[in-house]
Amino acid sequence: MPIQTILPNTQLADMRHRVESESTAMQIYMNSDQYPLPADNRMLNTLIEIPAHPPELLVGNDRAVEDAENAIKIFEYLGPLNRTQAADPRLWATLSHITFWEYCRKRWPEANKGSGYILEHWFERPGGGLGALRRNAISRLWWAANLTVAPWDSDLQLSHLKSSDRFKFTRILLSQAQIFQDVLEREYGSNLRLRTILLNSLHAYMPKVSNRDKLSKVISMRLLLLLKERHLESLPPLEMEKLVDTLVARAAEQQNTA
Amino acid sequence: MASNKISYPHPVLGNGDDISVGEISPTVAYKISDEAIHLTFENLTTYHSEIDQMLEKGDAVWHLRIQCSRTYMRENFSANNSTFDIRLKGEDYEGIVDVDITVVAKKDIPDYHPKGLHDDYEEENFQLCVGEVIGIAPTFKFLVDKVYDPLKAPVSSLVRITQGEHDCGPFTLTLDDDLIIVRLSKSDWNEYAGIRDRVPTIIHSAIVVPALAEAILHINEHKDSLWGGRLNDLLQANEISVDAPLAAAQEILASPITRTFNEVNATLDNGEI
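None of these values were measured; they are calculated from a predicted model. (Residues numbered from 1 in each chain as written. Chains lettered and ligands numbered in written order. Predicted model: local features only at pLDDT ≥ 70, side-chain atom pairs only at ≥ 80, totals over all residues. Heavy atoms only, no water.)

1. Quick look at the overall build of chain B
What counts, and what does not: Each helix is a run of H or I in the DSSP string that is no shorter than four residues. Each strand is a run of E no shorter than two, and both are numbered from the N terminus. Using C-alpha atoms as the atom set, the radius of gyration is obtained and then compared with a globule rule of 2.2 Å times the number of residues to the power 0.38. Residue burial is assigned from relative accessible area. The probe radius is 1.4 Å, only protein chains are included, and a residue is buried under 20% of its type maximum, exposed over 50%, and partly exposed in between. Contacts were defined at the residue level, with two residues in contact if any of their heavy atoms lie within 4.5 Å. Residue exposure ignores everything except the shown protein chains as possible cover, and the areas themselves are Shrake-Rupley values with a 1.4 Å probe. In this charge count, Lys and Arg are treated as positive and Asp and Glu as negative; neither His nor the chain ends contribute. To locate a charge, take NZ of a lysine, CZ of an arginine, CG of an aspartate or CD of a glutamate.
Counting its regular elements, chain B contains six helices and 13 strands. Taking 19 Å as the expected radius of gyration for a compact globule of 273 residues, we find that chain B reaches 26 Å, considerably beyond that expectation. Structurally, chain B occupies a C-alpha span of about 85 × 40 × 30 Å along its principal axes. Split into buried and exposed, the 273 residues of chain B put 50% on the buried side. Residue pairs in contact within chain B that sit at least 24 positions apart in sequence constitute 61% of those at least 6 positions apart. For chain B, the accessible surface area stands at approximately 13,200 Å², while carbon and sulfur atoms represent 47% of it. One finds the centroid of the 22 positive side-chain charges in chain B at a distance of 4 Å from the centroid of its 45 negative side-chain charges.

Next up, the structure:
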């Protein structure tokens, strides 16, 4: 199998500098069929084996469905990287600029918004942290799948949530942009059990409310407050599930009676 | 170390002046290698007789939370004793790692009224639910900065290839150093310098595999060395047996021979040779 190659840091620094300092750079991200790498650019090898052909990623009118399908495709293409590998911005910047250049341009077509937009979606948001990997056009897809694929395989206490669809929770996570943001940009979203239980409850109550984004936002805020005084992760799994479910049910009910 | 002061619905030891008796000031020692992170918690005590008694009886428990924003990792551990060891997989952490140490209720407590309460609380009793915070320690942080390139095998954290003093002939191996030192003859070094970044998997197969296998064969004599500790962590973390050193070396380097064939084939297909 071929191996994934990556752009060296020096080359990426030049590309980033170009975005930050040259107003013409955004034309490349708007109009070019491929990123113009210098002729003497030398790629670095990695240990990541990839299929001979990258998947065709979908870009249409149903972003929620397409994002989920694309997340599964990217995850299956790259495989289960370890977390340190997957936190390396060189990998994602390379995939955004070379392998999936066309997809990135179509999915994020507003490069004329400025350097911040390009840096977020083609590179990595400056400062790192929880939001950084969530923004890159490709890393967001891989991380979404990696954090949600068959959680019952990693935590036996979640076996009652087992589904024939190994990516059931990937689809829930990407079903609303607000859920994706609320889960991946909050610290609690880094815990497998809490993340899965929360997604399961949101999935159950989303069809019962008219404003799904609002439900996710309210839950996120209340959960943050609750976690300050009560460590849900220290509770027996069923108790954690009951508590999260009650929280979501109450917020859904309040929204419907308001 | 950062101190805490937030508003809880009940008094919390370590939160400002909520409770004047007792103190939570554990020590956390870190041993970080690319392969594993060892955390040792000592002095897990509150110096508050009632809360310590709750910990002893199992009515409360130490809750240790390890969080790494960079890798979306958040693990939780429970401890009952005054010392506690945690071993984390090195590959799961990168960058700043936060360690939160708290005491939480292990069962519902209907009439919580610890001694030393601030006067503002007067004679009030509090009802605590399981999981609610009873005490907090200052937050600890540490930095995990990988020595090796995470997208490559962890070779550079174990093996260093240098120029030897001999003009030609086979490479030599030194294990009595921080890293496994491979010394190439001067003529081989010149060749190596020109290709090491272009064909890394071939270098793995030709030089690092035998060097690592030899090192694994002698690992018990070098467990205290830097490379010995790292290699031992790596072997344990991946449950690799040292009984077959050559196979172990290949496993650590993630099938270097297969990758070499792939690399050579790809290079030949591209007409670069």
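2. Thoughts on the overall build of chain A
Helix and strand content of chain A: 15 helices and two strands. The globule rule puts the C-alpha radius of gyration for 258 residues at 18 Å, and the 20 Å found for chain A is close to it. Projected onto its principal axes, the C-alpha positions of chain A cover 60 × 40 × 35 Å. The 258 residues of chain A split such that 55% are buried. Taking contacts inside chain A between residues at least 6 apart in sequence as the whole, the part at least 24 apart equals 71%. On chain A, roughly 11,400 Å² of surface is accessible, and the fraction owed to carbon and sulfur atoms is 49%. In chain A, which carries 31 positive and 30 negative side-chain charges, the distance between the mean positions of the two groups comes to 4 Å.

3. So, helix H15 (residues 237-257) of chain A
All names here are of chain A. Let me state the cut-off plainly: One less than the residue count of a helix, multiplied by 1.5 Å, gives the span that helix is expected to have.
Between its terminal C-alpha atoms H15 stretches 30 Å, which fits the 30 Å expected from 21 residues at 1.5 Å a residue. Of the positions making up H15, those classed as buried are Pro-237, Met-240, Glu-241, Leu-243, Val-244, Leu-247, Val-248, Ala-251, Ala-252 and Gln-255. Buried residues in H15 make contact with helix H13 (192-205) and helix H14 (212-229).

4. Regarding the domain arrangement of chain A
Residues and elements named next belong to chain A. Short version of the rule: Where each domain starts and ends follows an automatic or database-derived domain assignment. Once two parts are joined, some of their accessible surface, as seen by a 1.4 Å probe, is lost; buried area is that loss totalled over both. Salt bridge, as used here: a side-chain nitrogen of Lys or Arg that lies within 4 Å of a carboxyl oxygen of Asp or Glu. Any pair of N or O atoms that falls within 3.5 Å is considered a polar contact. Within protein, one atom must be able to donate a hydrogen and the other to accept it, and sequence-neighbouring residues count only if both atoms are side-chain atoms.
What the domain assignment reports for chain A is domain 1 (1-146) and domain 2 (150-258). For domain 1 and domain 2, the distance between their C-alpha centroids amounts to 28 Å. The partner domain 2 presents 13 residues to the 15 residues of domain 1 that form the contact. Carbon and sulfur atoms make up 66% of the surface buried where domain 1 meets domain 2, a total of about 1,300 Å² over both sides. For the pair domain 1 and domain 2, the interface holds three salt bridges. For Glu-185, the salt bridge goes to Arg-134, with nearest N and O atoms at 2.4 Å. At the junction of domain 1 with domain 2, the criterion picks out three residue pairs in polar contact (both at pLDDT 80 or more).

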